[in-house]
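# Per-entry structural report
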Amino acid sequence: LGVLWEPTDDFSFGMVYQSEAKMRLRGKYLINNATAPQQLVAGLNSSATGQILAAILGLPGYVPNVESGLVAMDFKYPQHFKAGIKYKIFPDLQMNFDVGWTDFAAWDKFKFEFDRQITALKIAKLLSNHVTDNTLSIPLGFQSAWNWGIGVEYSATDRLKLRAGYEPRSSAIPDNKRNTLVPINNAQLFGLGLGYRFDADSDIDLSVGFLRSRDNIPANSSSLANVTGVDNLLLNPYAGLNVKTNTKVTILGLTYRTRW
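Note that the structure is predicted; figures quoted are calculated from it, not measured. (Residues numbered from 1 in each chain as written. Predicted model: local features only at pLDDT ≥ 70, side-chain atom pairs only at ≥ 80, totals over all residues. Heavy atoms only, no water.)

### What about the sheet that holds strand β11 (residues 187–199)?
Condition: At least two DSSP bridges between two strands are needed for those strands to be called paired. A run of H or I in DSSP counts as a helix once it spans at least four residues, and a run of E counts as a strand once it spans at least two, with each numbered from the N terminus. Angular values range over 0 to 180 degrees, each being the angle between N-to-C directions of two axes fitted as lines to C-alpha atoms, with helices fitted over their stretch in contact.
Strand order in the open sheet made by the 9 strands is β1-β2-β5-β6-β9-β10-β11-β12-β13, with antiparallel pairing throughout. At either margin of the open sheet sits one strand with a lone partner, and together these are β1 (2–5) and β13 (243–258). Each strand axis lies, on average, 15° off the axis of its neighbour in the sheet, ignoring direction. Of the pairings in the sheet, the one linking strand β5 (residues 80–90) to strand β6 (residues 93–102) comprises 10 bridges and is antiparallel in character. In the sheet register, I85 faces β6, and the bridge partner there is F97.

What follows is the structure in structure tokens.
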């Protein structure tokens, strides 16, 4: 849903709202089990005492080399709101300013549901309350964030328009949940573009954007990256280590509009 108020040719104000969208994602999985857990389970089940303990703990009787099947998850595309103004400083120079909000708090966790019991999960459930025999939850703990952006448009000719923009994006990931699975935290987005009018009814727009995000995760600061402790073995692949991420994304856009 969007509204646009344009009282003059030099000024306009607009707002847009996009509701959340719920979906069911489905896919396939393939797990190649390592030798170590296979030997661990085989050794545990080699004695009567070990078999009794494995039965009490719900551990598998053996670990196959490969496991495959179907996986699904409920996914919610977050709701989004944005508002902005356009103002012509000079007849040929226009400035845009926008603010936006996205409800990333809807991504509290991702829960993967497998079509059968997974031996690795039957072992991992002893180490985390986010795991069952056939489900795996990743507690993301995202938070909703506001962002702003600024852009300029210069009308070089009656047909050609040149554009540039900048948007500093605040992170939706809290400091204690930063990770390498989603390596985009505080980021900067730079954009360039041009628009060309072929005739009164046809326009084409070209754009290129460059997003960069650098992050430093000190040791023992994130429960999804590098926290130490017996209760953090599963979701902390870099326990006790300093972690740095550097993400660069290039975005290309092409739009063609015509009227008839």
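Past the structure itself, the notes keep going.
### A few points about unusual backbone geometry
Among all residues except glycine, the phi angle is most often negative; among peptide bonds, the trans geometry is most common. Test applied: Under the scheme applied here, a residue whose accessible area is under 20% of the maximum for its type counts as buried, over 50% as exposed, and between as partly exposed, the area being computed with a 1.4 Å probe on protein chains only.
The backbone of N220 shows a phi angle near 65°, a positive value even though the residue is not glycine. Take N220: it is sitting in the loop between β12 (202–217) and β13. Judged by relative accessible area, N220 falls into the partly exposed class, the value being 44%.

### Examining the confidence of the model for the protein
The test is simple: Per-residue confidence from the prediction method is given by pLDDT, with values spanning 0 to 100.
Looking at the protein, the pLDDT average stands at 91 and 100% of residues meet or exceed 70. Looking across the protein, the model is least confident in helix α2 (residues 48–57), with a mean pLDDT of 80, and most confident in strand β2 (residues 11–18), with 97.

### Some points on the environment of V71
Under the convention used in this document: Contacts are assigned to residue pairs with any non-hydrogen atoms lying within 4.5 Å of each other.
You can see V71 is positioned in strand β4 (residues 66–77). Contact partners of V71, with chain neighbours within four places excluded, come to L25, R26, G27, K28, Y29, F112, E113 and F114.

### Structural notes on the pattern of salt bridges
Our working rule: What counts as a salt bridge is simple: a side-chain nitrogen of Lys or Arg found within 4 Å of a carboxyl oxygen of Asp or Glu.
Throughout the structure, instances matching the rule amount to 14 salt bridges. The partner of D74 in a salt bridge is R24, and the shortest N-O contact between them spans 2.9 Å. Here D74, found in strand β4, pairs with R24, found in strand β3 (residues 21–32); they are 50 residues apart in sequence, far enough to count as distant. Overall, D74 belongs to the exposed group, its relative accessible area being 54%. Notably, a salt bridge pairs E153 with R163, separated by 2.7 Å at the nearest N-O pair. Placement of E153 in strand β9 (residues 145–155) and of R163 in strand β10 (residues 160–169) is noted, with a sequence separation of 10 residues between them. One continuous salt-bridge network, built from bridges that share partners, spans E153, K161, R163, D205 and R257.

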